[in-house]
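This is what each chain is made of:
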Amino acid sequence: MTPAGAEVDSEPFFLGSGASQRFCLFHRPAGPCRGAVLYVPPFAEELNRTRRMAALGARRLAAHGYGVLQIDLLGTGDSAGDFADARWDLWKQDLDTGAAWLRARLDTPLTLWGLRLGALLALDHARTTAVPLAPMLLWQPVAAGTTYLTQFLRLRTAHAMLGEDAAAQSGTKALRAALQAGDTLEIAGYDLTPELALAIDALPAPDALVPPVPVHWFEVLGAPGQAPGPAAARVKAAWEGRGTQLHLHTVTGAPFWATTGISTCPALLDATVDAIEERAHVV
Amino acid sequence: MTNLDANLAEVKATLIDVLSLGDAGQRLQADSPLLGSLPELDSMAVVSLIGALEERFGIAIDDDDLSASTFETLGSLAAFVAEKRAG
C-alpha cells in the first residue's frame with residue numbers, strides 16, 4: 001500500500017488565458033506512467049464537500065503511476081468566469097481541453113473519473129470525445145439529471161417545506177417554471193441560469209448514456225451487507241444489452257458528498273486503485 | 001425482522017450517515033423526535049437527507065408530500081418512506 005501523498009508531485013497551472021483561463025492541478029505519475037486520468041468534478045456544494053476525497057483520490061492514483069489532471073470547470077474554483085457563465089456544453093469543452101493536454105503530455109488512453117453529477121458529465125463527454133479511452137471510474141453517479149436538479153432546487157425551498165403553511169409550499173415546481181420562463185435563480189449562493197439548469201434537467205438517464213468503454217461504477221453504502229440502490233442494476237442491464245460492461249463495486253463508508261461536515265471514505269480509495277489496476281473481484 | 005422493521009433500520013442508517021451521528025444515532029428509536037430535537041437536522045440537512053433517501057431507495061419524493069410532520073420522529077419518517085416504496 002503506497003502512502004497517499006507521500007511522494008506525489010503536484011503542479012498547479014493555468015490552461016489558456018482571459019475568459020478561457022482554467023485552473024488545473026496535475027499530479028505527476030510516480031515511477032513509470034501507467035495511464036492518464038481526467039477528473040470530472042461534481043456540482044456546486046457537492047464540489048466543495050468532496051474536495052478532500054478528490055485530492056486524496058488524485059494523489060493515490062498518482063502514487064500508483066497514473067498522471068491525474070484536475071481542472072476547475074468554467075465558473076468554478078479558480079477558473080475564469082462566474083457560476084452564471086457556466087454551461088453544460090462549455091464544461092464538456094473544458095474536458096476536451098483537459099483531455100488534449102493530457103494526451104500531449106502522456107500519450108496513453110484516457111481514464112475519465114467522474115463523481116456524482118460529474119459522472120454524468122463524464123458519460124456525456126465519453127460519447128463525443130476523439131481521445132482514445134480506457135475504462136471509466138464513476139463514483140456514486142447521480143441517478144438522473146432531472147432528479148438531481150430537483151434536489152438542488154430544494155435547497156431554496158427547504159425552509160418553506162418545513163413550515164406548516166401550505167401556501168408557502170410553492171416548491172420546486174414553481175422554481176422549474178421560473179427557470180423555463182427564463183429567470184436566473186439564486187440557489188444556496190449559486191446563480192443558476194435557465195441554460196445550465198434545463199440542460200441538466202434534460203440529460204438522458206445514465207441508462208441511455210452508453211459509453212464506448214467498460215465502466216467501474218462505485219457505490220458507497222453505510223454498513224456492510226446493505227444492498228446498493230436500484231439505479232446501478234438498471235443501468236448495468238441497459239448497458240450490457242448494448243455491449244458495454246458495468247462492474248459494480250460497493251464499499252462501506254460515509255456518504256462524503258452529502259455529509260454536513262467534511263468526511264472521507266478510505267475504502268473507496270482502495271477499491272478505486274484495485275479496479276484501475278484490475279485486481280478487483282467484480283460482479 | 002419484518003419488512004417494516006427492515007425499512008426503519010435502513011432509514012435510520014441513512015439518517016446516521018447523512019448527519020454523521022455516529023454511535024449517538026444508534027440509540028434512535030421509532031418514537032425518537034427528529035426535527036427540533038436533533039441539532040444536526042437543519043433545513044439544509046433535511047435536503048441532503050431527502051436526496052439520500054431518494055437515491056438509496058430509488059424513489060421520487062414530491063415537495064407537496066412533505067411537511068414538518070414527516071420529520072417529527074424516526075418512525076414518521078420511516079412510515080413516509082415505506083409508503084413511497086410501496087408506490
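Residues numbered from 1 in each chain as written. Chains lettered and ligands numbered in written order. Predicted model: local features only at pLDDT ≥ 70, side-chain atom pairs only at ≥ 80, totals over all residues. Heavy atoms only, no water.

Let's shift gears to the interface of chain B and chain A. The interface of chain B with chain A comprises 28 residues on the first partner and 24 residues on the second. Carbon and sulfur atoms make up 52% of the surface buried where chain B meets chain A, a total of about 2,300 Å² over both sides. Taken together, chain B and chain A are joined by five salt bridges. For B:Glu54, the salt bridge is made with A:Arg154, and the minimal N-O distance between the two is 3.0 Å. Applying the counting criterion to the chain B and chain A interface returns seven residue pairs in polar contact (both at pLDDT 80 or more). If you list the elements that add at least two residues to the side of chain B that touches chain A, you get α1 (3–19) and α3 (43–57) of chain B. Counting residues per element, the side of chain B that touches chain A draws most heavily on α3(B), which supplies 12 residues. (Contact = heavy atoms within 4.5 Å. Buried area = accessible area lost by both parts, 1.4 Å probe. Salt bridge = Lys/Arg side-chain N within 4 Å of Asp/Glu carboxyl O. Polar contact = N/O pair within 3.5 Å; in protein donor to acceptor, adjacent residues only side chain to side chain. Helix = DSSP H or I, 4+ residues; strand = E, 2+ residues; numbered from the N terminus.)

Attention shifts here to empty space enclosed by the protein. Residue and element names in this part refer to chain A. One pass over the full model with this rule turns up five cavities of 30 Å³ or more. Estimates place the volume of the largest cavity at around 80 Å³. Along the walls of the largest cavity sit 13 residues, with Pro41, Pro42, Phe43, Leu73 and Trp91 positioned nearest its centre. At the level of elements, α1 (44–49), α3 (88–106) and α4 (117–128) are the ones that each hand at least two residues to the lining of the largest cavity. With three residues, the top contributor of residues to the lining of the largest cavity is α4. Partitioning the lining of the largest cavity into residue classes produces 11 nonpolar, two polar and no charged. (1 Å grid on protein atoms, 1.4 Å probe; cavity = no way out; pocket = protein on both sides within 12 Å on 5 of 7 lines; lining within 4 Å. Points joined across faces, edges and corners; volume = space filled by probe spheres on them. Nonpolar A, V, L, I, M, F, W, Y, C, P; charged D, E, K, R; others polar.)

We now examine the environment of B:Phe57. Within the secondary structure, B:Phe57 sits in helix α3. The spatial distance from the C-alpha of B:Phe57 to the C-alpha of B:Arg85 is 7.2 Å, given a sequence separation of 28 residues. Each residue touching B:Phe57, except ones within four places of it in the same chain, is listed here: A:Pro230, B:Glu10, B:Val11, B:Thr14, B:Val81 and B:Arg85.

Taken as a whole, chain B shows an average pLDDT of 89; of its residues, 99% reach a score of 70 or greater. Our summary of model confidence lists the complex with pTM equal to 0.89 and ipTM equal to 0.80. (pLDDT = per-residue confidence, 0-100.)

Further remarks concern the pattern of salt bridges. Residues and elements named next belong to chain A. What the rule picks out here adds up to 22 salt bridges over all chains. Where aspartate 124 meets lysine 92, a salt bridge forms, and the shortest distance between an N and an O atom there is 3.2 Å. Taken as a pair, aspartate 124 in helix α4 and lysine 92 in helix α3 lie far apart in primary sequence, 32 residues in all. A single burial state applies to aspartate 124 and to lysine 92, both of which are buried. (Buried < 20%, exposed > 50% of the residue type's maximum accessible area, 1.4 Å probe, protein only.)

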